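Overview (structure and organization)
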Amino acid sequence: MATAVFETRTAAAARAEGVVKAYGSGETRVVALDRVTADIRQGGFTAIMGPSGSGKSTLMHCLAGLDTVTSGRIWVGDTEITGLKDKKLTRLRRDSIGFIFQAFNLLPTLNALENITLPMDIAGRKPDKEWLDRVVSTVGLGERLKHRPSQLSGGQQQRVAVARALAARPAIIFGDEPTGNLDSRAGAEVLGFLRRSVDELGQTIVMVTHDPVAAAHADRVLYLADGRIVDDMANPTADLVLDRMRGFDARGRVS
Amino acid sequence: MTVLKTSMRSFFAHKGRMLLSGVAIVLSVAFVCGTLVFTDTLNTTFDKFFGSTAADVTVGPEEEENAQETGRAASLPASLVDEVGAVEGVASADGVVFDAGVTVVDGAGDRVGSSNGAPTIATGWGPDIQRAMELASGRAPEAADEALIDADTAGRADIAVGDELEIIAVEGTHRVTVTGLAEFRSTNPGAPHVLLEAEAARTALLGSPDLITSVHVMAEDGVPDAEVRDRVAAALGGSYDIETAAENEAAMKDDVGGFLDVLRYAMLGFAGIAVLVGIFLIVNTFSMLVAQRTREIGLMRAVGASRRQVNRSVLTEALLLGTVGSLVGIGAGIGLAVALMELMNSVGITMSTSDLTIAASTPVAGLVVGVLATVVAAWLPARRAGKVAPMAALRDAGTPGDGAAGRVRTALGLLLTLGGGAALVAAAEADEAGDGSLFLSLGLLLTLVGAVVVGPLLASGVVRVLSVAVLRVFGPVGRMAGRNARRNPRRTGATAGALMIGLALVGSLSVVSASLVASASDQLDRSVGADFIIDTTSEQLITPEAAEAVRATPGLEHVTDYAAVSVELATPDGESSAEEVIAASPTYARDLRARTVAGELSAAYEEDHLSVGESFAEEHGLAVGDELTARFVGGDEGVRLTLAAITSENTMIDKGAMYVSHATARAHLPEEAMPLNLVMFARAEEGRKAAAYDALKASLEPFPQYEVSDQADYKQALEDEVGTLLNVVYALLALAIIVAVLGVVNTLALSVIERTREIGLMRAIGLSRRQMRRMVRLESVVIALFGAVLGLGLGLGWGVAAQRVLSLEGFAVLDVPWATLGVVFAGSAVVGLVAAIVPAFRAGRMSVLRAIATE
C-alpha cells in the first residue's frame, strides 16, 4: 500500500490536494479555488478550461508556484511547494518548470536563441547542444535564431517561447492561454508543437485555455467552475468540448 | 482650462516621479538662495560691526598711494587730540592707537588668533573702543604690562585672567598679563582683539608715547557729522584724512565687499553647475513621462486637442514642478545658510542668526532660477509631446524605444565635438597665453556641448565595451544589464551626461593641479639654490626683530632679505608707472637662479642698478644699459637706476619681477619707510644643513607666525595647500554630482516601472530576487561608468590643453594623476551602486503575478 502511494506520487508531475485560494476576509471573502484536488500525470497534455472567473488561471499559478494557497498542499514532482520560501520556489521554477504566457513572453533585448537559453543561463548551466538543436528544429526556428523579438511575428514569438520552455527539459510546462493572441493558423501551429513535444519528447504540459479547438489537442481536459473541478474528460475533441461547455452554460442559466 | 486640469491631474498622478526632479530643483535653488542669504548675512555682520566701531568723525594721517609696507601703522602726533578737542561742536576727542598686524602668543608659545585669515588687532582700552566693547570679567588694564583680550578669542584659545601673553609688533615684543575679558556689544566677525592700557599701547605699537594713529571725534548733539568734519578740517589745515562715520563705514565696506563678492560669485558658480546638471535630470524626466504617455497624448490629440494645447500641458506641469521645487528650495536655502553660519562659527568667524539677512531679491532669484531652469528643460520634451500623432492612441505603444539617432544630431554633435577638439588643440599649440586661453575657453564650451549631444550616440558603443570589460564576470545577469543600459541610448546618454559634467570638472582640475604641483616642484629643484625659506603664515610681515633672529642663527653661510618696494618708475619712452620692485640681498641671485635674456643678474644688485622682466622691457623698448628714473615712495625722488639685466618670464617663481639690491632700497628710503621682508632665504654652511635647520627653527621659536621650511617641506606645504584648495572645490562640485546621482536614480526607477512585465517574466522563469537586484545595480554601474568615461575623458582633454596653455606661463610639467582618476572612476561605480539601492529593492520586491498581469 505504501509503495502504491509512493508510485502515484512519482507518476504525478504535479499534484494539488484540497487546495483553497481565497481573497479578502469576512463578507468580502472571495473563494477562487474551493478544495481542489487534482493529479497532473507525467507525460500528459492537460488542458484546464472554464468560464472567466472559474479559477482556472489561479489553479495554474498555484501549481506553478507563482501564487500561494490559502490552505491545502501542492507538489511538483516529489517536492511539496506549499510553504516553500521565495528562494527555493524561484529555483524550482528555474530548474523544473517551463512557462509559456499569452503575450510578452520574450525579453526584447535578447535575440531568439538567447531567449531560449535564458533559464539555463540564469542557472549557470550549459545547454545540452544536441537537445537544443532538436528543440529548435522541432519548433522550426533555425533561420531566425539571431532575430530580436521585435523582428518576429506573433506566432514565431510564441514558438520561441515554446522552445524556451522545452529547452531546459523542465519536469512540467505551464501554458497560460499560449495561443490566445494568435490567429487560428499560427495558433494551430504552436499547438502542434506542444502536441509533438508531448508525443515525441515525452514532455508534461498543462495549459489553461478557453478555446475548445486548443483544448482538443490535449489528452485530458479539466473543467473548472466557481473554483471547483466539475468535469474531467479524457481524449477530448473540439466537438465534445464544445458540447460539454454548452451543457455547463445551460445548467448555469437554469440554476 | 481643461488642459490645465489634465496637467494638474497628471502632475499629481506622477508625484513620485516628479519628486526626484523636484529634489534636483530644490537642491539647486537651495544652493543659490543659501549663497545669497549667507553672503548677505556676512555683509550685515560686518556692517553692524563697522557701524558699532565708527566714531562720528575720524581724523587720520593722509593716506599715501602705494605706501611702503613697513608693518607700522601711519601715525599722528598725540598733541593733535587737544587741537581737535578745542574745535567747536566736538563733544569729545580721543587719541586712538590701532594696529591690525600684530601677533599674540600665549604662554605655551602658540599663536593665539584665528586660522581664518582675519588680522589680529591691538589697540588701547579707551573710550572709543568701549563704545563697541564692554568688560565681561576681570578689570581694565592699568599698567603697561596688563591687557584685556576679547572673550571669543579667549574661549577659542583657552585663555583665562592671569595668563601671560606676548604681543609681537614691529616695534618689538611686549609682554602682558591678562587682567580681564572684553565682550563685543554686537557680533564680532572674528578678528582677535587685545586691548592695552592707553599709553602702553602707544609705546608698544608705535614706539613713542607721543604718537597715535587717529583721533576719534564725537560730535555734540544736534551738530551734523559733516559739519564737524569741515570745522576740524578748517582748524587743522592741510594734510589729514578726515572722514565722517558714514564715509568711514563706506570705505571699510568697500574693502570687505570685494572679498565677499568673490566668495559670492564663486559659490553661485557652483550653484550654476548644479542647475545645469539639474536641467539634464528634468529633460530626462519629462522625456520619459512623455514617452510613457504617448498613448494618452495620442488620445487627447484624437479627441481634438491641438498641438499647442498638448505642448502647453507639458509646460504647465513643468511650471508647477518648478514653482513647488523653488519654494521648497528657498526654504532649504535659508536652512543651508544657517548651517553654513554654524560652520563658520566653528572655524572662528562669529556669525549670529539674529543677523540673518534675507533680501527681497533672494526668493525672487530662487524662483526665477528654479522655474526658468525647469521650463527650459521641459521645452524639448514638450515639443516632442506636441508632435505625437493622434494615431499613437491606436498603436500598441508599450515602451517606445527611441529610434535611431537623428542625422541632425549626429552631424551637429560631431561638428561641435570636432570643432571643440580643434580649438583645444589650437589652445595647446598656441604661442601666446592670451590666444591660448581664448581657444581653451572656446574648446571647453564646444566639447562640453558636443559631448552632451554626442553622448547618446556613444552610449551604445561605450556601454558595449564596458559590458565586455566589467560585466562579463557577472554572466547572463551582467549581459542583460548591459543590454538594458543600451536599449534607450538617449536616456542613458542624458543620465550619464549629467554625471559627465561634474566629473569632467573634477578630472580637469585634478590634471591642472597635479601639473601645477609637479611644475612648481620641478622648478624648485632646478632653480632654487637656497636651503631654507622663511615665510609668514599670518598677515604680519617679517619684523626686524625676527629678521635679526634669523641673521643671528649659527651655521648659515648667508641670509637673504627679500622685500617689495613701491617705486614709481619713469622709462626713457616717457611713460611712468607704479611698480613693485623686489629689494633683495645680492645673495638672492644664488638663491633663485633666474634666467636672463640679456645682461647678468648679479650686476643688477650693484648700487643703483636694477633688472626688469622680459615683457616690461619689451613694452618700453628697454635694453641693458638704459637709465630709468625712480621715485621711492616715501623716500628719494629722481633716482637714476641703470638697467643691468632682463629676466626671462618662462618661470613660475618671481615671474616678471624687477630686482634692485636691498642696499639700494635702503639708501633711498628713510629707515621708517623701509618695507619689511616678505620672505627670507638662507643657505647653510657646507655640510651643516641639518644642524642649521634645527638652529633656524630654534631661532624662530618665539615667533610662531613665521615658518621655516627646507625645500622638501616647502614642496610638501605647496602640495598640501593645493590639495586643500582642491578639496574645497571638490566638495562644492559634490553638489552637482549628487544631483547627477538623483538623475541615475530617476532613470532606473522609471526603467524598473516600465519593465514591470519583463521583470515578472524573468522572475517566473527563475531569476532570483538577488539576481534581479544585481541586474538593476549593474545597469546603474554601467551608466555611471559611462558617465565617468565621458567625463574623465573630457576632463583629461581639458586638463592637458589647459596645462599646455599654462606652460607658456611657466607650468612646464604635465602630470596626469592616474591614481586620482582611477579612484574617481572606481568611485563612480560606487555612485552607481548607491543610486541603484532603491530601484533594485523595488525590482526585487515586485510581485511576479502582478507583473505578469500588467497590461
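Residues numbered from 1 in each chain as written. Chains lettered and ligands numbered in written order. Predicted model: local features only at pLDDT ≥ 70, side-chain atom pairs only at ≥ 80, totals over all residues.

In the nomenclature of an unreviewed UniProt entry, chain B corresponds to FtsX-like permease family protein from the organism Streptomyces radicis. We quote the UniProt Sequence similarities (unreviewed entry) comment for chain B here in full: "Belongs to the ABC-4 integral membrane protein family." Under the UniProt heading Subcellular location (unreviewed entry), the entry covering chain B gives this text: "Cell membrane". (UniProt positions renumbered as here; feature names shortened; annotations may be inferred.)

Per an unreviewed UniProt entry, chain A goes by the name ABC transporter ATP-binding protein and belongs to Streptomyces radicis.

From N to C terminus, chain B includes 25 helices and 25 strands. Each principal axis of the C-alpha atoms in chain B carries an extent, and together these give about 95 × 70 × 55 Å. Counting only residues that meet the buried cut, chain B has 51% of its 855 residues in that class. A separation of at least 24 residues holds for 85% of the contacts in chain B among residues at least 6 apart in sequence. (Helix = DSSP H or I, 4+ residues; strand = E, 2+ residues; numbered from the N terminus. Buried ≥ 20, exposed ≤ 12 C-beta atoms within 10 Å, placed from the backbone. Contact = placed C-beta atoms within 7 Å.)

Residues and elements named next belong to chain A. The strand order across the open sheet formed by four strands is S2-S1-S4-S5, and the pairing between neighbours is antiparallel. Both edges of this open sheet fall to strand S2 (30–41) and strand S5 (79–80), since each of them pairs with a single strand only. Relative to strand S4 (residues 71–76), strand S1 (residues 12–23) runs antiparallel, the two sharing five bridges. Looking at S4, one finds that Glu17 is bridged to Arg73. (Pairing = 2+ DSSP bridges.)

A separate point is unusual backbone geometry. Note: most peptide bonds trans; most residues except glycine with negative phi. Positive phi values are uncommon outside glycine, yet Arg169(A) reaches one of about 50 degrees. Assignment of secondary structure puts Arg169(A) in the loop between helix H6 (154–167) and strand S7 (172–176). Residue classification places Arg169(A) among the partly exposed residues on the basis of 17 C-beta atoms within 10 Å. Although it is not a glycine, Asp158(B) adopts a positive phi angle of roughly 60 degrees.

Here we take up the confidence of the model for chain A. In regions of low pLDDT, the predicted coordinates are not meant to be interpreted in detail. Looking at chain A, the pLDDT average stands at 83 and 93% of residues meet or exceed 70. The low-confidence segment residues 1–10 of chain A (pLDDT under 50) makes two contacts with residues lying over four places distant or belonging to another chain. (pLDDT = per-residue confidence, 0-100.)

Another aspect to go through is the environment of Asp241(B). All names here are of chain B. Here Asp241 shows up in strand S15 (residues 240–244). For the pair Asp241 and Ser214, spaced 27 residues apart in sequence, the C-alpha to C-alpha distance is 9.4 Å. Among all residues touching Asp241, those that are not within four sequence positions of it are Gly60, Pro61, Glu62 and Glu63.

If you check the domain split of chain B, you get domain 1 (1–55 + 245–400), domain 2 (63–238), domain 3 (457–531 + 710–855) and domain 4 (541–704). Computed over C-alpha atoms, the centres of domain 1 of chain B and domain 2 of chain B are 47 Å apart. (Domains from an automatic or database assignment.)

Residue and element names in this part refer to chain B. Read across the open sheet, the four strands follow the order S3-S14-S1-S15; overall the sheet is antiparallel. Each having just a single partner strand, strand S3 (90–96) and S15 make up the two edges of the open sheet. Here the average twist between neighbouring strands, direction ignored, is 20 degrees. Two strands pair when backbone bridges link them, and S3 and strand S14 (residues 214–219) are joined in this way by six bridges, in the antiparallel orientation. The residue bridging Ser92 from the neighbouring strand is Met218, located in S14. Across the sheet, helix H6 (residues 225–236) touches strand S1 (57–61), S3, S14 and S15, and the angle it forms with S15 is around 165 degrees. This element, helix H7 (residues 245–292), spans S1 and S15 of the sheet and lies at about 100 degrees to S15. (Axes fitted to C-alpha atoms, helices over the stretch in contact; angles between N-to-C directions.)

If you look at the interface, chain B gives 19 residues, while chain A gives 21 residues. For the side of chain B that touches chain A, the secondary-structure elements that each account for two or more residues are helix H13 (475–487), helix H22 (756–764), helix H23 (769–807) and helix H25 (848–853) of chain B. No other element matches the six residues that H13(B) contributes to the side of chain B that touches chain A. When the residues that make up the side of chain B that touches chain A are grouped by side-chain class, the tally is nine nonpolar, five polar and five charged. (Nonpolar A, V, L, I, M, F, W, Y, C, P; charged D, E, K, R; others polar.)

Another point: the pairing of strand S11 (residues 172–184) of chain B. All names here are of chain B. Two elements, strand S8 (residues 133–138) and S11, share five bridges in a ladder whose sense is antiparallel. Looking at the pairing, Met133 lines up with Phe184 of S11. In the sheet, strand S9 (residues 146–150) pairs with S11 via five bridges, with the strands oriented parallel. Each residue of the ladder has a partner; that of Asp150, found in S11, is Ala182. Here strand S10 (residues 164–169) pairs with S11 via six bridges, running antiparallel. Its bridge partner being in S11, Ile168 is matched across the sheet by Thr173. Taken together, S10 and the strand that follows it, S11, pair antiparallel across an intervening segment of two residues.

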